[in-house]
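The chain contents come next:
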Amino acid sequence: MDEIETEFDKRKQAAETIDQKKFQYYGHKFEEEILEYPIEKRESNIVVTSKLGRFRCLMAAEVDGKNDSGDIVEIKTHREIFNKHHINSFRKSKTFEHLYPMLFSWNY
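Calculation rules
- Along every chain, residues carry numbers that run from 1 in the direction the sequence is written.
- Only residues with pLDDT of 70 or above have their local features reported here, since the model is predicted, and side-chain atom pairs are shown and tallied only from 80 upward, although totals for entire chains, interfaces and linings are computed over all residues.
- Side-chain numbers here rest on the full set of heavy atoms in the structure, without hydrogens or water.
- Exposure classes here rest on a 1.4 Å probe applied to the protein chains alone. A residue is buried below 20% of its type maximum, exposed above 50%, and partly exposed in between.
- Secondary structure is summarised from DSSP: a helix means a run of H or I of at least four residues, a strand means a run of E of at least two, and numbering begins at the N terminus for each.
- Directions drawn from the helix axis to the C-beta atoms are what define this arc.
- Counted as a polar contact is a pair of N or O atoms within 3.5 Å, where, for protein atoms, one must be capable of donating a hydrogen and the other of accepting one, and residues adjacent in sequence contribute only when both atoms are in side chains.
- By the convention used here, residues are in contact when the closest approach between their heavy atoms is within 4.5 Å.
- The pairing criterion is simple: DSSP has to find at least two bridges between the two strands.
- Here a pair means two rings of Phe, Tyr or Trp (six-membered ring of Trp) with centres within 6.5 Å. Their orientation is stacked below 30 degrees between planes, edge-to-face above 60, and tilted elsewhere.

**Student:** Quick rundown of helix α4 (residues 84–94)? Include the residues and the values.
**Tutor:** Buried within α4 are the following residues: His-86, Ile-87 and Phe-90. Axial view of α4: buried residues confined to an arc of 105°, hence all on one face. For α4, the exposed residues lying more than 90 degrees away from the buried face are Lys-84, His-85 and Lys-92. Between the side-chain oxygen of the N-cap and the backbone nitrogen of His-85 there are 3.0 Å, and the N-cap of α4 in question is Asn-83.

Quick look at the structure:
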């Protein structure tokens, strides 16, 4: 699937700080180690069509890879969690918990 870089993407990339670029690099290296092969060879694009009432929807997403069973895997990294604020930040930014709370149980 070809990716088209928009003007928004270009401005966003130009505004990234060195720290943001460094953490992106760390995240990619971590994913590479976990999935045991280079990022270029494991990312996949998923395209799904669905119907919502009388509307047909086309949804696309990039995922990190697949496990040995063929299940889709999306790896998320976050700084070390020390307190409830960090837990809430992780939940809000890295999970679908706010959409599907019944799927998550946290014991902190």
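**Student:** Tell me about the side chain of Glu-16, and please be specific about residues and values.
**Tutor:** Residue placement: Glu-16 occurs in the loop between α1 (7–15) and α2 (18–35). Within polar-contact distance, the side chain of Glu-16 engages the side chain of Gln-24 at 3.0 Å. In this view, Glu-16 contacts Lys-21 and Gln-24; residues no more than four positions away in its chain are not counted.

**Student:** Account for the pairing of strand β1 (residues 44–52), with residues named and values stated.
**Tutor:** Summarising the sheet, β1 and strand β2 (residues 55–63) pair through nine bridges and their orientation is antiparallel. Across the sheet, Val-47 pairs through a bridge with Ala-60, a residue of β2. What sits between the antiparallel neighbours β1 and β2 is a turn of two residues, in which Gly-53 has the positive phi angle 65°.

**Student:** Describe the packing of aromatic side chains, with residues and values.
**Tutor:** According to the stated counting rule, one finds two aromatic pairs in the structure shown. Geometrically, the ring pair formed by Phe-23 and Tyr-26 is edge-to-face, given 6.0 Å between the ring centres and 70° between the ring planes. Of this pair, Phe-23 and Tyr-26 both sit in helix α2, separated by three residues, roughly a single helical turn. An aromatic cluster is defined as three or more aromatic residues linked by ring pairs; in this entry it consists of Phe-23, Tyr-25 and Tyr-26.

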